[in-house]
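Structural overview for review
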Amino acid sequence: MDFSQLNKQRAHSFDKQRTILKKLGKGKTILCETCQQPLTLDLATSNTQQGIICCARGCTHIELELG
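Small disclaimer: the values here were computed from a predicted structure and weren't measured.

It is worth spelling out the nonpolar core at this point. Soluble globular proteins tend to bury their nonpolar side chains together. In this structure, Ile20, Leu24, Ile30, Cys32, Cys35, Leu39, Ile53, Cys55, Ile62 and Leu64 together form the largest nonpolar core, which totals 10 residues. Elements with a contribution of two residues or more to this core: helix H1 (4-25) and strand S3 (61-65).

Reading across the sheet, the three strands line up as S1-S2-S3 and stay open at both edges, with antiparallel pairing between neighbours. If you trace the sheet from one side to the other, it starts and ends with strand S1 (40-42) and S3, each paired once. For this sheet, the mean angle separating the axes of adjacent strands, direction not counted, is 20 degrees. Here strand S2 (residues 50-54) pairs with S3 via five bridges, running antiparallel. Across the sheet, the residue bridging to Cys54 is His61, located in S3. Across the face of the sheet, H1 comes into contact with S1, S2 and S3 while running at roughly 85 degrees to S1.

Moving on, we come to the pattern of salt bridges. Under the definition given, this model contains two salt bridges. In this structure, Glu33 engages Lys16 in a salt bridge whose closest nitrogen and oxygen atoms are separated by 2.6 Å. Pair noted here: Glu33 is in the loop between H1 and S1 and Lys16 is in helix H1, with a separation of 17 residues, a long-range link.

Cut-offs used in this document
- Residues numbered from 1 in each chain as written.
- Predicted model: local features only at pLDDT ≥ 70, side-chain atom pairs only at ≥ 80, totals over all residues.
- Heavy atoms only, no water.
- Core = buried A, V, L, I, M, F, W, Y, C linked by side-chain atoms within 4.5 Å.
- Buried < 20%, exposed > 50% of the residue type's maximum accessible area, 1.4 Å probe, protein only.
- Helix = DSSP H or I, 4+ residues; strand = E, 2+ residues; numbered from the N terminus.
- Pairing = 2+ DSSP bridges.
- Axes fitted to C-alpha atoms, helices over the stretch in contact; angles between N-to-C directions.
- Contact = heavy atoms within 4.5 Å.
- Salt bridge = Lys/Arg side-chain N within 4 Å of Asp/Glu carboxyl O.

Spelled out as structure tokens, the structure:
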């Protein structure tokens, strides 16, 4: 079984999410690709080892593992 295409997609997705996180961390406005609403970075979740990047409508929801 050839996993090369899947590995490329995963690497691209990871790089894209890392770029979003860096930009949000610098205070830049990033829009959701689906609804064009601003993404927010929430590090004050109930779990201190987790953060969330999401839009107001919930189209984008990225959970971050901190620690």
